[in-house]
Amino acid sequence: MTQHLNIVDHPLVQHKLTIMREKSTSTAVFRQLLREISQLLAYEITRELPMTSKPIETPVEEMDAPVLAGKKLALISILRAGNGLLDGVLELIPSARVGFVGLYRDEKTLQPVQYYYKVPMSLEDRVVIAVDPMLATGNSSAAAVQLLKDSGATDIRFLCLLAAPEGVARMKEAHPDVPIVTAALDKRLNDQGYIVPGLGDAGDRMFGTK
Ligand code: URA
């Protein structure tokens, strides 16, 4: 993948995102739309997967037909909101291995601290797709990507629903080799670290918490 930031401006993605942004949208509808959008974003992030071909026989004749080159995929959910994106992507790529990264922000240092980390073996042989709906400050995303690199991953892509310019800049500075696919690049972060206009707290909206 060549571009660092790929904004998927497909009409279906944009329409679904608008409904998700609306504060009156219910948890059930939000969750369903997130599942649908994640599949459309996954379609885009997998566009340049390596291909090969194999001989097959159709009912009419033999042909050399395109297939994925067999590089295995790993999906990494950045907890907890990443799980909302994970479900939809996994429906599209059911054979992918799955990992989880849990980080919280230390109140004193404001730095991300790891509380859970479990990823598939041999990340160096896999296309790794890290998923987190909101790329806000980018601090936890950059830290999660660093953990994946420390585990050997070399081909990492980052999938999110919404990005703030601050988060994109942070990722570009820390991981210029990691392309980002998102549905929208919003205006900025507010004082509480929320993306503006955003959609609020993605975890709360998808799990119905407050
Ligand atoms: N995380 C969220 O869930 N929402 C934001 O706006 C920023 C970070």
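So, how was this worked out
- One numbering rule holds for all chains: residues counted from 1, following each sequence as written.
- Residues qualify for local features only when their pLDDT is at least 70, as the model is predicted, and side-chain atom pairs are given and counted only at 80 or more; totals for whole chains, interfaces and linings, by contrast, use all residues.
- The helix and strand labels rest on DSSP assignments: H or I over at least four residues marks a helix, E over at least two residues marks a strand, and numbering proceeds from the N terminus.
- A helix's residues, less one, multiplied by 1.5 Å, set its expected span.
- Exposure in this text rests on C-beta crowding, where 20 or more other C-beta atoms within 10 Å of a residue's own make it buried, 12 or fewer make it exposed, and counts in between make it partly exposed. The C-beta atoms are placed from the backbone.
- Contact between residues is assigned whenever the C-beta positions, reconstructed from backbone atoms, fall within 7 Å.
- UniProt positions are given in the numbering used here, feature names are shortened, and annotations may be inferred rather than shown by experiment.
- Only the C-beta atom, placed from the backbone, is used; a residue is near a molecule or strand if that atom lies within 6 Å of it.
- Charged residues are taken to be Asp, Glu, Lys and Arg, nonpolar residues to be Ala, Val, Leu, Ile, Met, Phe, Trp, Tyr, Cys and Pro, and polar residues to be all remaining types, Gly included.
- Every angle, taken between N-to-C directions, lies between 0 and 180 degrees, and every axis is a line fitted to C-alpha atoms, over only the stretch in contact when it is a helix.
- Throughout this description, any angle smaller than 35 degrees is read as roughly parallel, any larger than 145 degrees as roughly antiparallel, any in the 65 to 115 degree range as roughly perpendicular, and the remainder as oblique.
- Throughout, a crossing is termed right-handed when the near helix is turned clockwise from the far one, and left-handed when it is turned anticlockwise from it by less than a right angle.
- Only strands joined by at least two bridges in the DSSP assignment are considered to pair.
- Joined through C-beta atoms within 7 Å, a set of buried Ala, Val, Leu, Ile, Met, Phe, Trp, Tyr and Cys residues constitutes a nonpolar core.
- By arc we mean the arc of the directions from the helix axis to the C-beta atoms, nothing more.

Asker: I keep staring at helix α2 (residues 27-45) and nothing clicks. Help me out?
Answerer: The α-helix advances 3.6 residues per turn, and as a result positions three or four apart in sequence lie on the same side. Counted at 1.5 Å a residue, the expected span for α2 with its 19 residues is 27 Å, and the 26 Å between its end C-alpha atoms agrees. Within the sequence span of α2, burial applies to Phe30, Leu33, Leu34, Ile37, Ser38, Leu41, Ala42 and Ile45. On the buried face of α2, the contacting elements are α1 (11-21), α3 (82-92), β7 (126-131), β9 (155-159), β11 (180-182) and α6 (202-207).

Asker: Would you explain the UniProt feature "binding site: uracil" (unreviewed entry) in the protein chain in this entry?
Answerer: Sites flagged by UniProt as "binding site: uracil" (unreviewed entry) map to Ile195, Gly200, Asp201 and Ala202. Relative to the elements of secondary structure, Ile195 occurs in strand β14 (residues 195-196). Mapped onto the elements, Asp201 comes out in the loop between β14 and α6. The exposure class of Asp201 is partly exposed, given the 15 C-beta atoms found within 10 Å.

Asker: Mind showing me how you'd approach the site of the ligand here?
Answerer: Taken together, Ala81, Met134, Ala136, Gly193, Tyr194, Ile195, Gly198, Asp201, Ala202 and Gly203 make up the full set of residues adjacent to the ligand. Here the residues of the shell around the ligand sort into 6 nonpolar, 3 polar and 1 charged.

Asker: Can you help me understand the packing of α1 against α2 in this one?
Answerer: Each pair of packed helices can be summarised by the angle the axes make with each other and by the distance between the axes. At their nearest, the axes of α1 and α2 sit 10 Å apart, and the two run at 155° to each other. If you check the angle between α1 and α2, you find them roughly antiparallel. Note that α1 runs across α2; the crossing there is left-handed. Contacts between α1 and α2 involve Leu12, Val13, Lys16, Leu17, Ile19 and Met20 on the former and, on the latter, Val29, Phe30, Leu33, Leu34, Glu36, Ile37 and Leu40.

Asker: Hey, could you run me through the sheet that holds strand β12 (residues 184-185) in this one?
Answerer: The strands that make up a sheet are held in pairs by hydrogen bonds between backbone atoms, and each pair lies either parallel or antiparallel. Ordered in space as β8-β10-β12, the 3 strands form an open sheet in which the pairing is parallel. Because the sheet does not close on itself, it has two edges, and the strands there are β8 (134-135) and β12. With 2 bridges connecting them, β8 and strand β10 (residues 162-163) associate as parallel partners. Paired with Met134 across the bridge in β10 is Leu162.

Asker: Whenever I open this one, the nonpolar core confuses me. Can you help?
Answerer: In globular proteins that are soluble, nonpolar side chains generally tend to be buried together. Counting 53 residues, the largest nonpolar core has Val128, Ala130, Val131 and Leu159 as the members making the most contacts within it. By residue number, the principal contributor to this core is α2, which donates 7 residues. Other than its neighbours up to four places away in sequence, Ala130 contacts Ile76, Ile78, Ala144, Val145, Leu148, Ile156, Phe158 and Leu159.

Asker: What's the story with the packing of helix α4 (residues 139-150) against helix α5 (residues 165-174) in this structure? I'm lost.
Answerer: Packing of α4 against α5 leaves a shortest axis separation of 9 Å and a crossing angle of 25°. Here α4 is positioned roughly parallel relative to α5, judged by the angle of their axes. The handedness of the crossing between α4 and α5 is right-handed. Of the residues in α5, those touching α4 at Asn139, Ser141 and Ala142 are Gly167, Arg170, Met171 and Ala174.

Asker: Help me understand the pairing of strand β4 (residues 72-78) in this model?
Answerer: For a regular strand, side-chain orientation follows a simple rule: the groups alternate between the two sheet faces. For β4, a buried count of 5 out of 7 residues is recorded, marking the element as mostly surrounded by other parts of the structure. Bridge count between β4 and β7: 6 bridges; the pairing is parallel. Note on β7: the bridge partner recorded for Ile76 is Ala130. For β4 and strand β5 (residues 97-105), the ladder comprises 5 bridges, and the chain directions are parallel. Note that in β5 the partner of Leu75 across the bridge is Val98.

Asker: Mind showing me how you'd approach α5 here?
Answerer: For α5, the full list of buried residues reads Gly167, Val168 and Met171. Angularly, the buried residues of α5 cover 100° about the axis, an arc narrow enough to put them on a single face. For α5, exposure combined with an orientation more than 90 degrees from the buried face picks out Ala169 and Glu173.

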